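Observations on the model geometry
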Amino acid sequence: MACLGSWPGQHGRLVRLVDAGQQPDVSALPAMQRRRLSRLARMAFHVAWPLAEARPQLPMVFASRHGETPRTLGILTDLAHNEPLSPTQFSLSVHNAIIGLWSIQRGDHSEMTALAGAGDGLENAVLEACGLLHDGAPAVLLVIAEEAPPELYAPFIDDVPFPYAVGLLLTLGDDWQLQLNRGDGASSEWPHALNLVRALCSDQPTLQHHWKSRQWTWSRNEA
Amino acid sequence: MSDLQLEIKTLIIDALGLEDMAAEDIAADLTLFGEGLGLDSVDALELGLAIQKRFGIKIDAEAKDTRKHFANVASLAAFVSSQQTA
């Protein structure tokens, strides 16, 4: 995984980003293909595209706990008002719509999976990706993405301080271990996938994440 | 270009999210689906819904002429005016 030197390391100050409704740049795609991409899809594409370069066949695991909450609310609002549903919105309302669009636009028929895995979706997605690797895939693309919830849902969603997406390209190796044990602990205040990125970009040797009674321990193997 | 044709072009751009496109980019005789503009079957449903809402007309998706009416902006405009006066 490539790290930018300017990224804050383990001791860098965390900055809570302000969501001003910016749209990630996906201008590499023709306009006719861009038009059905929600912001969540654009975020996912934006982090995934460079990792998939020169890999026309790349299995993918996409994980999002909350998915496209703005779209869901829009459809439910139309329903509540007895308005006919937009066929486009409806066709994109399933959790695997983003990987479907990805597959179509890249012409990649590799195995792709969309997960919604509670508070430890990242770890469950890594588990899924490891399965694909051990099944013979040379590399697996992992994308974690969350969209800011609409105001109506905001009181019920406390783990998306701002919209974010993380893309990882996983290959078999011995650099890191991920272990699951039974254990309780505070879940991190920061989106966990971002904690992992910080750990990967620094010398941080271990990282722990708790959800319910599950304790996930990431540890860097000694070289 | 008639006002109705212009209205339909703008409706196509707005309803189908055609970023970076202006009404003058869509010629009245440009094929909308498949070739030409390159719209697909989901667009057909979306455009059908948008036309019904905007002009208050009914479109029978099963009718064999529907495909002809949706060939291009000119044929759509002719269809809409015939339905409105009907």
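Residues numbered from 1 in each chain as written. Chains lettered and ligands numbered in written order. Predicted model: local features only at pLDDT ≥ 70, side-chain atom pairs only at ≥ 80, totals over all residues. Heavy atoms only, no water.

Secondary structure assignment for chain A yields seven helices and seven strands. The order of helices and strands in chain A, counted from the N terminus, is α-α-β-α-α-α-β-α-β-β-β-α-β-β. Radius of gyration (C-alpha) of chain A: 18 Å, near the 17 Å computed for a compact globule of 223 residues. Along the three orthogonal principal directions, the C-alpha set of chain A runs to about 60 × 40 × 35 Å. By the burial criterion, 45% of the 223 residues in chain A qualify as buried. Sequence separation of 24 or more characterises 70% of the internal contacts of chain A that already satisfy a separation of 6 or more. Put simply, chain A shows about 12100 Å² of open surface, and 53% of that area lies on carbon and sulfur atoms. The distance from the centre of the 16 positive side-chain charges to the centre of the 23 negative ones in chain A is 4 Å. (Helix = DSSP H or I, 4+ residues; strand = E, 2+ residues; numbered from the N terminus. Rg over C-alpha atoms; globule rule 2.2 N^0.38 Å. Buried < 20%, exposed > 50% of the residue type's maximum accessible area, 1.4 Å probe, protein only. Contact = heavy atoms within 4.5 Å. Areas by Shrake-Rupley, 256 points an atom, 1.4 Å probe, with all protein chains shown as cover. Lys, Arg positive; Asp, Glu negative; His and termini not counted. Charge placed at Lys NZ, Arg CZ, Asp CG, Glu CD.)

The next subject is the layout of surface pockets. Residue and element names in this part refer to chain A. There is about 730 Å³ of room inside the second largest pocket. Around the second largest pocket, the lining is made up of 23 residues, and of these Leu-170, Thr-171, Asp-175, Trp-176 and Leu-200 lie nearest the centre. When contributions to the lining of the second largest pocket are tallied by element, the ones reaching two or more residues are helix 6 (121–134), strand 4 (164–170), strand 5 (176–182), helix 7 (192–200) and strand 7 (214–220). Element by element, the count of residues in the lining of the second largest pocket is highest for helix 6, at four residues. (1 Å grid on protein atoms, 1.4 Å probe; cavity = no way out; pocket = protein on both sides within 12 Å on 5 of 7 lines; lining within 4 Å. Points joined across faces, edges and corners; volume = space filled by probe spheres on them.)

The subject of this paragraph is the packing of helix 2 (residues 39–52) of chain A against helix 5 (residues 97–106) of chain A. Residue and element names in this part refer to chain A. Between helix 2 and helix 5, the shortest axis-to-axis distance is 11 Å and the interhelical angle comes to 45°. Here helix 2 lies oblique to helix 5, going by the angle between them. Relative to helix 5, the crossing made by helix 2 is right-handed. On the side of helix 2, the interface is formed by Leu-40, Ala-41, Ala-44, Phe-45, Ala-48, Trp-49 and Ala-52, while helix 5 contributes Ile-98, Leu-101, Trp-102, Gln-105 and Arg-106. Split by residue class, the contact of helix 2 with helix 5 holds ten nonpolar, one polar and one charged. (Axes fitted to C-alpha atoms, helices over the stretch in contact; angles between N-to-C directions. Parallel < 35°, antiparallel > 145°, perpendicular 65-115°, else oblique. Left-handed = near helix turned anticlockwise from the far one by under 90°. Nonpolar A, V, L, I, M, F, W, Y, C, P; charged D, E, K, R; others polar.)

Residues and elements named next belong to chain A. The final tally for this structure, using the stated rule, is five aromatic pairs over all chains. Residues Phe-45 and Trp-49 carry aromatic rings whose centres are separated by 6.3 Å and whose planes lie at 20° to one another, so their mutual orientation is stacked. Note that Phe-45 and Trp-49 are positioned in helix 2 at a spacing of four residues, about one turn of the helix. Relative to Trp-102, the ring of Trp-49 has its centre 5.4 Å away and its plane inclined at 85°; by these criteria the two rings are edge-to-face. Placement of Trp-49 in helix 2 and of Trp-102 in helix 5 is noted, with a sequence separation of 53 residues between them. (Phe/Tyr/Trp six-rings, centres within 6.5 Å; stacked < 30°, edge-to-face > 60°.)

As a further point, take the sheet that holds strand 6 (residues 206–211) of chain A. Residue and element names in this part refer to chain A. Strand order in this open sheet of three strands is 5-7-6, and the pairing throughout is antiparallel. Because the sheet does not close on itself, it has two edges, and the strands there are strand 5 and strand 6. With strand direction ignored, the average angle separating the axes of adjacent strands in the sheet is 15°. Note that strand 6 and strand 7 share six bridges and pair antiparallel. (Pairing = 2+ DSSP bridges.)

Okay, the interface of chain B and chain A next. Between chain B and chain A, the contact holds 15 residues from the first and 14 residues from the second. Together, the buried faces of chain B and chain A total about 1100 Å²; carbon and sulfur atoms form 48% of this surface. Broken down residue by residue, the surface that chain B buries against chain A is led by Glu-19, Val-42 and Glu-46 of chain B, which jointly contribute 41%. Our count for the contact surface shared by chain B and chain A stands at five salt bridges. For Asp-43 of chain B, the salt bridge is made with Arg-35 of chain A, and the minimal N-O distance between the two is 2.7 Å. At the junction of chain B with chain A, the criterion picks out seven residue pairs in polar contact (both at pLDDT 80 or more). (Buried area = accessible area lost by both parts, 1.4 Å probe. Salt bridge = Lys/Arg side-chain N within 4 Å of Asp/Glu carboxyl O. Polar contact = N/O pair within 3.5 Å; in protein donor to acceptor, adjacent residues only side chain to side chain.)

This paragraph deals with the pattern of salt bridges. Tallied over the full model, the rule gives twelve salt bridges over all chains. Its salt-bridge partner being Glu-7 of chain B, residue Arg-54 of chain B comes within 3.0 Å of it at the nearest N-O pair. A residue pair is termed long-range when its members are at least 10 positions apart, and Arg-54 of chain B in helix 2 (residues 41–55) and Glu-7 of chain B in helix 1 (residues 3–15) qualify at 47 residues. Salt bridges linked by common partners bring Arg-35 and Arg-36 of chain A together with Asp-40 and Asp-43 of chain B together as one network.

All names here are of chain A. Even without glycine at this site, Asn-82 takes up a positive phi of about 55°. The exposure class assigned to Asn-82 is exposed, which follows from its relative accessible area of 73%. For Lys-212, which is not glycine, the phi torsion reads 50° and is therefore positive. Looking at where Lys-212 falls in the secondary structure, it is placed in the loop between strand 6 and strand 7.

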